[in-house]
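Inside the fold
The primary structure of each chain is shown beneath.
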Amino acid sequence: MSESNVKFTRDEALDFHSRGRPGKIEIIASKPMATQRDLSLAYSPGVAVPVEEIAANPAKAYELTAKGNLVAVISNGTAILGLGNLGALASKPVMEGKAVLFKRFADVDSIDLEVDTTDAQRFIEAVELLGPSFGGINLEDIAAPDCFIIEQALKERMNIPVFHDDQHGTAIITAAGMINACFLTGREFKDVKVVVNGAGAAAIACTELIKAMGVPHNNVVMCDRKGPLYPGRDGMDQFKSAHAVPTEARSLKEALVGADVFLGLSAAGAVTPDMVEAMAPQPIIFAMANPDPEITPPDAKKARPDAIVATGRSDYPNQVNNVLGFPFIFRGALDVHATGINEEMKIAAAHSLADLAREAVPEEVAAAYGGVSHRFGPDYIIPAPFDPRLIEVVPCAVAEAAMRTGVAQKPIADMAAYRLTLRARLNPTSSILSLAFEAARANPKRVLFAEGEEENVLRAAIAFKEGGYGTPVLVGREDVYDKLAELGVDDPKSYEVLNSRNSPLVGRAVDYIYAKHQRHGMLRRAVERMVNQDRNTFAAAMLAMGEGDAMITGTTRPFSESLRQVRWVIDEDDCATPFGIHVVSARGRTVMIADTAVTERPTAEQYAAIAMRAASFARRVGQEPRVAFISYTTFGNPPGRHIDELRDAVKLLDTLQTDFEYEGEMGPDVALNHEMQAKYYPFSRLTGPANILVMPGLQSANISSKLIRALGGDVALGPYLMGMSLPVQIAPMTASSSDLVTLAVLAGGGADAIRQAPERQKKA
Ligand SMILES: NC(=O)C1=CN([C@@H]2O[C@H](COP(=O)(O)OP(=O)(O)OC[C@H]3O[C@@H](n4cnc5c(N)ncnc54)[C@H](OP(=O)(O)O)[C@@H]3O)[C@@H](O)[C@H]2O)C=CC1
Ligand SMILES: CC(=O)C(=O)O
Ligand SMILES: [Mg+2]
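Given the structure is predicted, the values throughout are model-derived calculations rather than measurements.

Once that is clear, we can look at the sheet that holds strand S8 (residues 261–264). As summarised here, the arrangement of the six strands in space is S7-S6-S5-S8-S9-S10, forming an open sheet in which the pairing is mixed. Pairing within the sheet leaves two strands with one partner each, and these edge strands are strand S7 (227–228) and strand S10 (308–311). Examined bridge by bridge, strand S5 (residues 194–197) and strand S6 (residues 220–224) share four bridges and lie parallel to one another. By the bridge assignment, Asn-197 is partnered in S6 with Cys-223.

What follows is the structure, given as structure tokens:
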């Protein structure tokens, strides 16, 4: 692996893949399988009914099975990334990876299939026979020229979209990037001189698409390992010959002299700095070989500071990688039951991506990249994969193009409504975590680990540091260094340790706390004792004094005790009592539940403040907040006690300038079911199912989140503490070191969120 800003070892990559359940994929039932009746319906005899329906009307398979949302990622492993032909089995990690990216970015269910043959005809037959199972086929990492033959044959034989992603996905993203790079450098497609290195699947498809979009045939010089393709050259098959153009150049180096654009779809290191030096002013250099590019951005920029440089990797600016395309393109195609993915759909996708990059970057994307200038320009010509707008924009463009060109079997009547359903597909849990981790890498923070002598805390601190998420500051005694060494750290002294027995900061910590409590009956000696003996007190004082950006604790004592100690030193935010959010998911739905941690029975003001802060948290992670105040009563039915505070919270929010939806009181069944709201409570102001459930008290909030986990749901996060004036996170005592890393990352990110929170101005 080349040097970049994301570092991991081979062991870490292997551990990631082998940890827990090996691999990256599992299958989860979407229907209950609990009772005899469930089994009778799901399997024999109930299953016979949909069988007969589908036999009579094959289109029913889309209604009665998973087919319509299921894409197979199929490879024979003959061109795995830029690693070459390593065989079907070795391609499985990449194919599993694509399958999970389908799910992560566009909620497309996907399964990898590795077909063990290099015989194109056998491969075609194997895939063709699988057609009934899937809504689409994503061919992957199949080398040219077989990939062209295979894709063409399968398109002719199958009535579902067949899409070789290395060809068309790459071409779409490349075209989008090129549109914007040309725009920024004042070029037009009809004038640019392009050199393409590589004459395989990706290179040929990219070339064909940019030609279809206006680059003249003779302006593109394509090179393979032997150099430029020109008429009469030996070693060209029909696919290469189609792109042979008259040229004097006999090497890549010669071809690049004066070229405007370089498209690298070949292999690592194929381009040297002196080659790009000879390119035209403001050259456009897309070095897209994976995992390592033809030339690294630092080398390219050193040789040509005026260049716009892109790679296929996520750890440099301008990631031109098909991950930006395939999930969203298939989403749009599946949703209209497209029979195929045609040129118009590809071009629409490319334009939608190019246009999106020119729009203002949303807060959560900016946060994911350190809050720094993600503004359209040479280092941002294409949206980042974490951009939550992609799921709305690209599928709509693709679906519309499919309808326009007559390949949509199920046209969408209401595009605005469709757009709303798209956003709801994004799983907030993964958004929260991926955004937070990206943000931490881009903007590393100093995080105080208050329990720096505990083994799992030390493991977390090591992972935090090595992951590049920030600097752990360990609060503990001298033997912390020995413990770090025992855990395999080569240079324990590179870790910062704050010892409350001998740190020169102790005096200031005592002054700080004493000043706060001296008029509340506290003696200085008592404060000294607390600072010396209690790590939460000392760590919180360090945080308050700016020795760290955030703090994490919680593994050695109950949540409430840790919180009490922290609150003794750190103030609450001026507009809220602290509260906890759990992010829970079950059956593909994710909701945030609050307050799961602090106040047993909030007042109306506290409920309103919880709703406002939870809404801002949801926005921060890319979700449009819809808050429901939950009760056993729905709008007064049945009548009961303890609902006045909830009603008053709604009334209070009505008097404030809020910018999110809220409603209540209502039962969770109503809150989570928008059809029910519309049918029985048409006056409800929620425009969709609630995604933030403000519970009627700590008990119900805490019990619900635990119950969801106990019943097989997933508690991805929680309690996430909000409402403190400084970022403190208190882990559950059962937290693993991975949980602690996540919380530390979130705590660090919380530092920026607290500083920027717009609702700090609006007091509830
Ligand atoms: N960023 C992205 O989204 C994507 C990037 N890629 C990358 O593109 C590359 C090619 O993939 P793909 O098209 O699927 O593979 P193919 O096997 O179909 O094609 C590989 C092509 O690269 C050429 N090549 C290899 N080494 C060199 C070199 N040193 N100089 C010139 N040409 C060379 C081969 O030349 P010859 O014909 O002479 O053998 C061949 O034409 C890979 O690195 C892959 O990771 C692919 C898809 C998406
Ligand atoms: C990104 C991709 O598909 C490849 O490198 O093959
Ligand atoms: Mg690929």
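Bringing the packing of helix H15 (residues 343–358) against helix H17 (residues 390–404) into the picture now. Put simply, H15 and H17 touch, their axes get as near as 8 Å, and they point 150° apart. Relative to H17, the element H15 is oriented roughly antiparallel. Here the hand of the crossing between H15 and H17 comes out right-handed. Across the interface between the two elements, Glu-344, Met-345, Ala-348, Ala-349, Ser-352, Leu-353 and Leu-356 from H15 touch Val-393, Val-394, Ala-397, Val-398, Glu-400, Ala-401, Ala-402 and Arg-404 from H17. Among the residues making up the contact of H15 with H17, the classes are represented as eleven nonpolar, one polar and three charged.

Once that is clear, we can look at the sheet that holds strand S2 (residues 109–114). One open sheet holds the four strands; their spatial order is S2-S1-S3-S4, and the pairing between them is parallel. What marks the edges here is a single partner per strand, and that holds for S2 and strand S4 (162–164). Recorded for the sheet is a direction-independent mean angle of 20° between the axes of neighbouring strands. Pairing analysis gives four bridges linking strand S1 (residues 70–75) to strand S3 (residues 136–139), with the strands arranged parallel. Note that in S3 the partner of Ala-72 across the bridge is Ile-137.

As a further point, take the site of ligand 2. Within the structure, ligand 2 sits among Leu-81, Asp-141, Asp-165, Asp-166, Asn-290, Gly-312, Asn-321 and Asn-322. Taken together, the residues of the shell around ligand 2 break down into one nonpolar, four polar and three charged.

In the neighbourhood of ligand 1, 28 residues make up the surrounding shell, with Gly-82, Gly-200, Asp-224, Ala-289 and Gly-312 lying closest. Ranked by the residues each element gives to the shell around ligand 1, the list is headed by helix H9 (residues 201–212), at three residues. Considering only residue class, the shell around ligand 1 consists of 15 nonpolar, ten polar and three charged.

An ideal rise of 1.5 Å per residue puts 21 Å on 15 residues; H17 measures up with 21 Å between its terminal C-alpha atoms. Of all the 15 residues making up H17, 13 are buried; the element is thus mostly covered by neighbouring parts of the structure. In the segment just after H17, Gly-406 is the residue with positive phi, at about 75°.

Bringing helix H5 (residues 92–106) into the picture now. Over its 15 residues, H5 runs 21 Å from end to end, which matches the ideal 21 Å to within 8%, given 1.5 Å per residue. Among all positions in H5, only Val-94, Met-95, Lys-98, Ala-99, Phe-102, Phe-105 and Ala-106 are buried. Buried residues of H5 fall within an arc of 150° about the axis and therefore sit on the same side. If you follow the buried residues of H5, they end up packed against S1, S2, S3, helix H14 (326–335) and H17. Of the residues flanking the end of H5, it is Asp-107, one or two places downstream, whose phi is positive at about 55°.

With 94% of its residues at a pLDDT of 70 or more, the chain has an overall mean of 91. Considering only residues more than four positions removed or in separate chains, one finds that residues 757–764, a stretch of pLDDT under 50, has 16 contacts. Predicted complex metrics record ipTM = 0.98 and pTM = 0.71.

Looking now at the environment of His-642. Following the sequence through the fold, His-642 ends up in the loop between strand S17 (626–630) and helix H27 (644–655). Residues His-642 and Pro-696, 54 residues apart in the sequence, show an inter-C-alpha distance of 8.0 Å.

Sequence positions flagged by UniProt for "domain: Malic enzyme N-terminal" (unreviewed entry) are, in local numbering, residues 22–155. Between the first and last C-alpha atoms of residues 22–155 the distance is 34 Å; the span itself is 41% helix and 12% strand.

Right, let's get into the packing of helix H22 (residues 506–517) against helix H24 (residues 535–544). Look at H22 against H24: their axes get within 10 Å of each other, and the N-to-C directions meet at 90°. By the angle class used here, H22 and H24 are roughly perpendicular. Together, Ala-509, Tyr-512 and Ile-513 of H22 and Phe-538, Ala-541, Met-542 and Ala-544 of H24 make up the contact between the two elements. A per-class count over the contact of H22 with H24 returns seven nonpolar, no polar and no charged.

This part covers the environment of Gly-468. Summarising the element assignment, Gly-468 is placed in the loop between helix H20 (455–466) and strand S12 (470–475). Sequence separation between Gly-468 and Phe-8 is 460 residues, and the spatial gap between their C-alpha atoms is 9.5 Å.

With glycine set apart, most residues show a phi of negative sign, and most peptide bonds adopt trans. For the bond from Ala-144 to Pro-145, the omega torsion is 0°, close enough to zero to count as cis. Position of Pro-145 relative to the elements: it lies in the loop between S3 and helix H7 (146–157). Following Ala-594, the chain continues into Asp-595 via a peptide bond in cis, with omega recorded as -15°. Position of Asp-595 relative to the elements: it lies in the loop between strand S16 (589–594) and helix H26 (604–620). Positioned with a positive phi, Asp-141 is a non-glycine residue whose angle comes to about 50°. With respect to the helices and strands, Asp-141 occurs in the loop between S3 and H7. Note on Asp-141: 29 C-beta atoms within 10 Å, which makes it buried. For Asn-318, which is not a glycine, the phi torsion comes out positive at approximately 60°. Within the secondary structure, Asn-318 is located in the loop between S10 and H14.

Cut-offs used in this document
Residues numbered from 1 in each chain as written. Chains lettered and ligands numbered in written order. Predicted model: local features only at pLDDT ≥ 70, side-chain atom pairs only at ≥ 80, totals over all residues. Pairing = 2+ DSSP bridges. Helix = DSSP H or I, 4+ residues; strand = E, 2+ residues; numbered from the N terminus. Axes fitted to C-alpha atoms, helices over the stretch in contact; angles between N-to-C directions. Parallel < 35°, antiparallel > 145°, perpendicular 65-115°, else oblique. Left-handed = near helix turned anticlockwise from the far one by under 90°. Contact = placed C-beta atoms within 7 Å. Nonpolar A, V, L, I, M, F, W, Y, C, P; charged D, E, K, R; others polar. Near = placed C-beta within 6 Å. Expected span 1.5 Å × (residues − 1). Buried ≥ 20, exposed ≤ 12 C-beta atoms within 10 Å, placed from the backbone. Arc of directions from axis to C-beta. pLDDT = per-residue confidence, 0-100. UniProt positions renumbered as here; feature names shortened; annotations may be inferred.

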